[in-house]
Amino acid sequence: MGFLALLPALLGALGPILQKVLPDEGQRLQVQLELQKALIEQQDDLGRAMAEVMKADAGSESPLARNARPITVLWALAMITWVGVVAPMLGLQVEVVAALKGVPAELWSLLTVGIGAYMLARSVDKIVPQVLGPKG
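Conventions we followed
- Residues numbered from 1 in each chain as written.
- Predicted model: local features only at pLDDT ≥ 70, side-chain atom pairs only at ≥ 80, totals over all residues.
- Heavy atoms only, no water.
- Helix = DSSP H or I, 4+ residues; strand = E, 2+ residues; numbered from the N terminus.
- Buried < 20%, exposed > 50% of the residue type's maximum accessible area, 1.4 Å probe, protein only.
- Contact = heavy atoms within 4.5 Å.
- Areas by Shrake-Rupley, 256 points an atom, 1.4 Å probe, with all protein chains shown as cover.
- Patch = residues over 30% accessible without salt bridge, like charges linked within 9 Å, V, L, I, M, F, W, Y side chains within 5 Å.
- Salt bridge = Lys/Arg side-chain N within 4 Å of Asp/Glu carboxyl O.
- pLDDT = per-residue confidence, 0-100.
- Axes fitted to C-alpha atoms, helices over the stretch in contact; angles between N-to-C directions.
- Nonpolar A, V, L, I, M, F, W, Y, C, P; charged D, E, K, R; others polar.
- Lys, Arg positive; Asp, Glu negative; His and termini not counted.

### Considering the overall build of the protein chain
Helix and strand counts for the protein chain stand at five helices and zero strands. Along the protein chain, from the amino end to the carboxyl end, the secondary structure elements read α-α-α-α-α. Across the 136 residues in the protein chain, those meeting the buried criterion constitute 15%. Across the protein chain, the fraction of contacts at a sequence separation of at least 24, relative to all contacts at a separation of at least 6, is 53%. Accessible surface, the protein chain: about 10200 Å² in total, of which carbon and sulfur atoms supply 70%.

What follows is the structure in structure tokens.
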């Protein structure tokens, strides 16, 4: 659910601020409910936008765009299976974990930023035309 998991902590952090600004408990609860509602609606909108991007990628004429997400998911599942299932069965878990710890943090960051940048670029590529409307 994304940032909805953080909602209780966010509202907990805002509680003292709202208490100072809105001493009336009824008003404060109303504001908290409105904040919750707005955050949930935004999460829903984001989920729908992400679904549209994924649908557009799946229907793309480009093999790379069409297959990038499935390839990434399969790679991740293969890595999890290797590290969590196969390596322990073969008695290689210590070696595999040691090898993963040996990967420089910069390389993990590059991988994370690379996947994140790709996802952001694809999202912007699909969402911006919808927001701006048809070219005229």
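### Brief notes about a nonpolar patch on the surface
On the surface, Trp82, Val85, Met89, Leu90 and Leu92 cluster together to form a nonpolar patch covering roughly 490 Å² of accessible area. Within the secondary structure, Trp82 is located in helix 3 (residues 63–89).

### A closer look at the confidence of the model for the protein chain
Put simply, the protein chain has an average pLDDT of 80, and 83% of its residues get 70 or more. Element-level mean pLDDT values for the protein chain span from 73 in helix 5 (residues 105–132) up to 91 in helix 4 (residues 93–101).

### Overview of the side chain of Gln32
Checked against the element boundaries, Gln32 lands in helix 2 (residues 25–58). Among residues more than four places away in sequence, those in contact with Gln32 are Leu11, Gly15 and Leu18.

### Details of the pattern of salt bridges
When their charged atoms lie close together, side chains carrying opposite charge are able to pair. Under the definition given, this model contains one salt bridge. Note that Lys55 is salt-bridged to Glu52, the shortest N-O span being 3.4 Å. A residue pair is termed a helical-turn pair when its members lie 3 or 4 positions apart in one helix, as Lys55 and Glu52 do in helix 2 at three residues.

### Quick word on the packing of helix 3 against helix 4
At a minimum axis distance of 8 Å, the contact between helix 3 and helix 4 shows a crossing angle of 145°. Taken together, the residues of helix 4 that come into contact with helix 3 (itself represented by Trp82, Val83, Ala87 and Pro88) are Gln93, Val96 and Leu100. Looking at the contact of helix 3 with helix 4 residue by residue, the class counts come to six nonpolar, one polar and no charged.

### Describing the side chain of Arg28
By secondary structure assignment, the location of Arg28 is in helix 2. Buried charge without a partner: Arg28 forms no salt bridge, and the closest opposite charge is Glu25, 4.6 Å away. Not counting residues within four places of it along the chain, the set of residues in contact with Arg28 comprises Gly15, Leu18, Gln19, Leu22 and Pro23.

### What about the environment of Ile115?
By the secondary structure assignment, Ile115 is in helix 5. The sequence separation of Ile115 and Thr72 amounts to 43 residues, and the corresponding C-alpha distance is 8.7 Å.

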